[in-house]
Amino acid sequence: MDRYICIHGHFYQPPRENPWLEAIELQESAYPYHDWNERIAAECYAPNAVSRILDAEGRIDRIVNNYARISFNVGPTLLSWIEDKAPDVYRAILEADRESARNFSGHGSALAQPYNHIIMPLATRCDKQTQIEWGLSDFKHRFQRSPEGMWLPETAVDLETLDLLAERGILFTILSPYQAARARKIGSRHWHDASGGRIDPTMPYLARLPSRRTIALFFYDGPISRAVAFEGLLYDGQNFARRLMSGFSDQRTWPQLVHIATDGESYGHHHRYGEMALSYALHHIESQGLARITNYGEHLERFPPSYEVEIVENTAWSCAHGVERWRSNCGCSTGGQPGWTQDWRTPLRDALDWLRDRLADLYEREGKRFFLDPWKARDAYIEVVLNRHFENVQRFLEAHALHPPGGQERVLALRLLEIARHAMLMYTSCGWFFTDLSGLETVQVLQYAGRAIQLAQEFTVDPIEEEFLTRLAKARSNIPDHGDGARVYEKFVRPAMVDLAKVGAHYAMSSLFEHYPERARIYSYTVERIDFDTYEAGSMHLAVGQANVISEITLASELLSFGVLHFGDHNLTGGVRHFRDQEAFTSMRAELVAAFGRADLPEAFRLIEREFPGMTYSLKQLFRDQQRKILDLILKNTVESAEAVFRQTYERNVPLMRFLSDLPIPVPRAFLTAAEFALNSQLRAEMQEPELNQSRIQALINEARITKAALDSATLEYALRENIARMAAELAGYPADLERLARLDRAVALARSLPFDVNLWSVENVCYELWQSVSRRFRSRADQGREEASAWLEHMQSLGRNLKIRME
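This one's a predicted model, so the numbers in the text were calculated from it and none came from an experiment. (Residues numbered from 1 in each chain as written. Predicted model: local features only at pLDDT ≥ 70, side-chain atom pairs only at ≥ 80, totals over all residues. Heavy atoms only, no water.)

Participant: Is there a simple way to think about the overall build of the protein chain in this case?
Facilitator: Tallying secondary structure elements over the protein chain gives 28 helices and 21 strands in all. Relative to a compact globule of 808 residues, whose C-alpha radius of gyration would be 28 Å, the protein chain shows 30 Å and is just as compact. The dimensions of the protein chain, computed from C-alpha atoms along their principal axes, are 95 × 75 × 60 Å. Taken over 808 residues, the protein chain has a buried fraction of 56%. In the protein chain, the proportion of contacts linking residues at least 24 apart, taken out of those at least 6 apart, comes to 68%. For the protein chain, the exposed area adds up to about 34,300 Å²; of that, 49% sits on carbon and sulfur atoms. Here the protein chain contributes 92 positively and 109 negatively charged side chains, and the mean placements of these two sets differ by 3 Å. (Helix = DSSP H or I, 4+ residues; strand = E, 2+ residues; numbered from the N terminus. Rg over C-alpha atoms; globule rule 2.2 N^0.38 Å. Buried < 20%, exposed > 50% of the residue type's maximum accessible area, 1.4 Å probe, protein only. Contact = heavy atoms within 4.5 Å. Areas by Shrake-Rupley, 256 points an atom, 1.4 Å probe, with all protein chains shown as cover. Lys, Arg positive; Asp, Glu negative; His and termini not counted. Charge placed at Lys NZ, Arg CZ, Asp CG, Glu CD.)

Structure (structure tokens):
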């Protein structure tokens, strides 16, 4: 067979990370009752990892790991996030690469990627080298092999980048057909024009580089890729298969490779059920013998380039103007309001370039005090980023330091390396991609810049931040309220900044609502409790103590003393300061306890202000997730009271609402609001119960229909999905438990009967795997006449019918 197909999925969604916490805080979203980050991990990337093949009747015939059948790259920062938020998906991705190596002659399908998705042609040579080195090291750490190919962010390319890839042993990369300039058969003197997307995408090409190295280039099929991403091709797996096959031609005389490249999220996130279309298309093509599925590494080994190519430098797949999207108002954008421009891109790039150069000078100058070679140390620092255990940090420093540093020298060395890391993170490409300077993505890169600046102030008295903001102010937001870049920085970056004292304040205030162990982990910090006492008087609380706060990133630490007053409700104030001495602490505690004991709250408040001058905090300064938890606790009684009022209003007026609904008279908005609040609240509570009351839930759904009360489908779907997923997980742990199986069967049947879709993807996978692993044992027992085994099979097959999974 001389026809081959390869599908490439590029997965990149930068987490909304707080650089000071090295973690992702809760996001505002339309789904207030669950963790936004886990939702994205589960619903965006999980369906792409594990998919289904449907039979002719639309039933799930078998579940497959899509990643094992396609070429893919997943950004290192995203992989780290998935590892934490969706470990089952993470394991599926790693296993897929191993499985693909078995399928494709020892060639794994996973590709590496420069570390944090910077536009390589716009980076310095030094930064390019480190990005490639970090991308390689992260890949080897996770996939336990060296990569053959490397995906370039936005396929942005220049010769220097290709040369650096080849130098590090990378065999190939993938480009847009519009990035080819001219091509010729190897050995021929005649070039033919391949510009404007006219390159033949069905073969690999050889690129000769200035260093005399070479690298293979694959140019993906542009029209088919575009149809997948933007034209709805994934709505029908049969059409998808036909369109892929249309890429072949009987006129070609060489082994043809039809290959496409899109964002991996196309398959299941951007286009619902797109992963099923992918599974169906590949299965259909293979089962009918139409073509052979392969990956780039296998194809390159079997069919080395017979043509060479020259590229159009400084180009990318997502900008028609080269790489201008990441440095000028080129016209490429994702929309925005009429009259908006992206003039802000140039001054943003200029400000960050200025900051990068200042930080590079500082890093090199100060780094010579600590490292044998500061830039080699930066290249190797990925070893620490991947494993921050103290012993590993020590090994790294012993290998790269002028002498084994300890104490404050060790802290300063790590701070320098963190400056260098954040000076690269601040170039993450999405900061320029979207419509406005104040967007989440641009604020994110400014936060990385802010963290680098904060760390740099430890080494210089130069007003780096002030000079940076002067340059940043030249970038104007399209939104008048946000003004310019300097104002955006002050509004969104400075409030996010964290130091050891703020971590101590968070610990002190949240300790009134949550019990911490003696050694607690708060994001990327460890807090060691030295002394802690609490006092109560009705609804009021006082906490006084000492704690040692340690950064797990730089190993900086500070011993702090604190005092916190909670007057009830949201009225919370506290102070934190560097611990002076035991005598001063004992005196402060005695005065605070005495004032609190007399219920002299003004005096207690005055003492907090006096003892912690300029270092007082309120509930507003708590980190977002803990702030939300505490507010939920504080509001619990108030919300329950409000719910009771709505419920009483609704219950008193149900007959009238039903009467009005039978007449052509609108139900008053006040009644509808009460009904919607009461019914959704009750439904949410019912859907979170360990044993679902189907008749009660159906009655409430019916009541909402009669009274025309709108259901909060998003929240209800999530509550029920999480509950059913928990039931499935429990069954997986005790597969022979008939009662658990029956409960899950009833729950899935209920979910299928509701007037909104419930995403049961994870339950489908659990149940299918359970059937595959243990059904034979139960069949054997049933054949022996054991009734419980027969009942298990009946319930499991009923569950399969409800999930539309073929269980035979």
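Still more to cover.
Participant: I keep staring at the pairing of strand S12 (residues 214-219) and nothing clicks. Help me out?
Facilitator: A regular strand carries its side chains on alternate faces of the sheet. Burial analysis of S12 places five of its six residues in the buried class, which makes it a mostly covered element. Bridge count between strand S11 (residues 205-208) and S12: four bridges; the pairing is antiparallel. The residue of S12 that forms the bridge with Arg208 is Thr214. Between S11 and S12, which pair antiparallel one after the other, the connecting turn spans five residues, and Arg212 there sits at a positive phi close to 80 degrees. (Pairing = 2+ DSSP bridges.)

Participant: Sorry, what's going on with the pattern of salt bridges here?
Facilitator: Tallying each qualifying case throughout the model produces 59 salt bridges. Here Arg184 ties to Glu308 by a salt bridge, and the two come within 3.2 Å at their closest N and O atoms. Here Arg184 is found in strand S9 (residues 180-185), whereas its partner Glu308 is found in strand S15 (residues 307-311), with 124 residues between them in sequence. The two residues Arg184 and Glu308 agree in class, both being buried. Salt-bridge contacts for Arg743 lead to Glu691; the nearest nitrogen and oxygen are separated by 3.2 Å. Here Arg743 is found in helix H26 (residues 738-753), whereas its partner Glu691 is found in the loop between helix H23 (669-687) and helix H24 (694-707), with 52 residues between them in sequence. Taken together, the shared-partner salt bridges connect Glu22, Arg388, Glu418 and Arg421 into one network. (Salt bridge = Lys/Arg side-chain N within 4 Å of Asp/Glu carboxyl O.)

Participant: Before we go on, may I ask you to explain the sheet that holds strand S17 (residues 525-537) in this structure?
Facilitator: Hydrogen bonds along the backbone pair up the strands of a sheet, which may run parallel or antiparallel. The strand order across the open sheet formed by six strands is S16-S17-S18-S19-S20-S21, and the pairing between neighbours is antiparallel. Each end of this open sheet is capped by a strand with a single partner; those strands are strand S16 (519-522) and strand S21 (616-618). Geometrically, the sheet is characterised by an average inter-axis angle of 30 degrees between neighbouring strands, direction not taken into account. Looking at chain direction, strand S19 (residues 557-568) and strand S20 (residues 571-578) are connected through eight bridges and run antiparallel. The residue bridging Gly563 from the neighbouring strand is Gly575, located in S20. (Axes fitted to C-alpha atoms, helices over the stretch in contact; angles between N-to-C directions.)

Participant: When you look at the nonpolar core in this model, what are you seeing that I'm missing?
Facilitator: Counting 173 residues, the largest nonpolar core has Ile5, Ile7, Phe240 and Phe468 as the members making the most contacts within it. Leave out the neighbours within four places in its chain, and Phe468 touches Ala351, Leu352, Trp354, Leu355, Leu446, Ala449, Ile453 and Tyr489. (Core = buried A, V, L, I, M, F, W, Y, C linked by side-chain atoms within 4.5 Å.)

Participant: What is the right way to look at the packing of aromatic side chains in this model?
Facilitator: Both the distance between ring centres and the angle between the ring planes are used here to describe each pair of aromatic rings. For the structure shown, the criterion picks out 26 aromatic pairs. Each ring, one from Tyr205 and one from Tyr307, has its centre 6.4 Å from the other, and the planes form 70 degrees; the classification is edge-to-face. Taken together, the residues Tyr205 in strand S11 and Tyr307 in strand S15 connect sequence positions 102 residues apart. What makes Tyr307 partly exposed here is its relative accessible area of 21%. Clustering of aromatic rings is evident, with ring pairs tying together Tyr115, Trp134, Tyr381 and Phe396. Geometry around Phe433 places Arg325 over its ring, the cationic atom sitting 3.6 Å from the centre. Residue placement shows Arg349 over the ring face of Trp432; its charged tip is 4.3 Å from the ring centre. (Phe/Tyr/Trp six-rings, centres within 6.5 Å; stacked < 30°, edge-to-face > 60°. Lys NZ or Arg CZ within 6 Å of the ring centre and 35° of its normal.)

Participant: Just checking my understanding: could you explain the state of the cysteines for this structure?
Facilitator: Covalent bonding between the sulfur atoms of two cysteines is what defines a disulfide. For the coordinates displayed, the defined rule picks out zero disulfides. Summary of cysteine pairing: Cys332 is not part of a disulfide, and the nearest cysteine sulfur, belonging to Cys330, is at 3.8 Å. Residue classification places Cys332 among the buried residues on the basis of a relative accessible area of 12%. (Disulfide = S-S within 2.5 Å.)

Participant: What exactly am I supposed to notice about the pairing of S17 here?
Facilitator: Of the pairings in the sheet, the one linking S16 to S17 comprises four bridges and is antiparallel in character. Of the residues in S17, the one forming a bridge with Arg521 is Thr526. Counting the residues that bridge the hairpin from S16 to S17 gives two residues, and of these Tyr523 lies at a positive phi of roughly 55 degrees. The sheet contact formed by S17 and strand S18 (residues 540-551) spans twelve bridges and is antiparallel. Paired with Ala537 across the strands is Met540, a residue of S18.

Participant: Could you clarify how one ought to interpret empty space enclosed by the protein in this entry?
Facilitator: In this approach a probe as big as a water molecule rolls over the atoms, and the regions it shows empty are the leftover space. Throughout the structure, instances matching the rule amount to five cavities of 30 Å³ or more. In this structure, the largest cavity spans a volume of roughly 70 Å³. Surrounding the largest cavity, Ser561, Arg577, Phe579, Arg580, Asp581, Ala584, Phe585, Met588, Glu611 and Phe612 form its lining. Counted by class, the lining of the largest cavity contains five nonpolar, one polar and four charged residues. When its volume is computed, the second largest cavity comes out at roughly 50 Å³. What lines the second largest cavity is simply Val74, Pro76, Leu79, Leu111, Ala112, Gln113, Gly135, Asp138, Phe139 and Phe143. (1 Å grid on protein atoms, 1.4 Å probe; cavity = no way out; pocket = protein on both sides within 12 Å on 5 of 7 lines; lining within 4 Å. Points joined across faces, edges and corners; volume = space filled by probe spheres on them. Nonpolar A, V, L, I, M, F, W, Y, C, P; charged D, E, K, R; others polar.)

Read these as geometric descriptors, not functional statements.
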